[in-house]
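Spelled out, the chains give:
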Amino acid sequence: MVRNAAQTAFEALSDPIRRRILHLLAENDETTAGALADAIQEVGRTAISSHLRVLRSADLVVERREGRYRYYALHPDGPVLDALGFLQSILSQGASPAAPSSDDDVADAPEQTAPDQDAAEAS
């Protein structure tokens, strides 16, 4: 399967940590991996580097090296523009009324309990 730039961008954007990195880069223009790791403490520095690698591969982030430091910034002309174009084309077509989803059927169904809960209630 051939992947286009928009698909790659969407895949990179699917992770909440990567979206957070992009948000931080948007706020700070350019920053180091260490500063990103300090700001995102849910994961370690190695994970931040891995996420940055995915974002660079998707061409959403650019890297600038200065001495031993690497500075990261949003790629202003990257494939995120393709992803936005795709979303805009969907939105411009307008949402047509959809058929009721299976969620509607679930809402009308009687509530079911887990087998263990039934056994506990019976005793």
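Refer to the structure presented above.
Scope of this entry: the structure provided in the associated data block. (Residues numbered from 1 in each chain as written. Predicted model: local features only at pLDDT ≥ 70, side-chain atom pairs only at ≥ 80, totals over all residues. Heavy atoms only, no water.)

Further remarks concern the overall build of the protein. Along its length, the protein carries seven helices and three strands. Burial analysis of the protein (123 residues in total) assigns 23% to the buried set. A separation threshold of at least 6 residues defines the contact pool for the protein, and within that pool the share at least 24 residues apart is 50%. Total accessible area on the protein stands at roughly 8,900 Å², and carbon and sulfur atoms take up 52% of it. (Helix = DSSP H or I, 4+ residues; strand = E, 2+ residues; numbered from the N terminus. Buried < 20%, exposed > 50% of the residue type's maximum accessible area, 1.4 Å probe, protein only. Contact = heavy atoms within 4.5 Å. Areas by Shrake-Rupley, 256 points an atom, 1.4 Å probe, with all protein chains shown as cover.)

Relative to strand S3 (residues 69-74), strand S2 (residues 61-66) runs antiparallel, the two being bridged by six bridges. Counted as the bridge partner of Val62 is Ala73 from S3. Connecting S2 to the next strand, S3, in antiparallel fashion are two residues, including Gly67 with a positive phi near 65 degrees. (Pairing = 2+ DSSP bridges.)

In this section: the side chain of His51. You can see His51 is positioned in helix H4 (residues 45-57). Judged by its relative accessible area of 12%, His51 is buried. In this view, His51 contacts Asp15, Ile17, Arg18 and Ile21; residues no more than four positions away in its chain are not counted.

On to the side chain of His75, then. Among the structural elements, His75 can be located in the loop between S3 and helix H5 (80-93). Reaching out from His75, the side chain makes a polar contact with the backbone nitrogen of Asp77 at a distance of 3.2 Å. When residues no more than four places from it in sequence are discounted, the contact partners of His75 are Asp59, Leu60, Val61 and Val62. (Polar contact = N/O pair within 3.5 Å; in protein donor to acceptor, adjacent residues only side chain to side chain.)

On to the nonpolar core. Counting 18 residues, the largest nonpolar core has Ile21, Leu36, Ile48, Leu55, Leu60 and Val61 as its most contacted members. For this core, the secondary-structure elements that each account for two or more residues are helix H1 (5-13), helix H2 (16-28), helix H3 (33-39) and H4. Counting residues per element, this core draws most heavily on H2, at five residues. Each residue touching Leu60, except ones within four places of it in the same chain, is listed here: Ala9, Ala12, Leu13, Leu22, Leu55, Ala73, Leu74, His75, Pro79 and Val80. (Core = buried A, V, L, I, M, F, W, Y, C linked by side-chain atoms within 4.5 Å.)

This part covers the packing of aromatic side chains. Evaluation of the coordinates by the stated rule reveals one aromatic pair. Relative to Tyr71, the ring of Tyr69 lies with its centre 6.5 Å away and its plane at 45 degrees, an arrangement referred to as tilted. When its relative accessible area of 42% is taken as the criterion, Tyr69 is described as partly exposed. (Phe/Tyr/Trp six-rings, centres within 6.5 Å; stacked < 30°, edge-to-face > 60°.)

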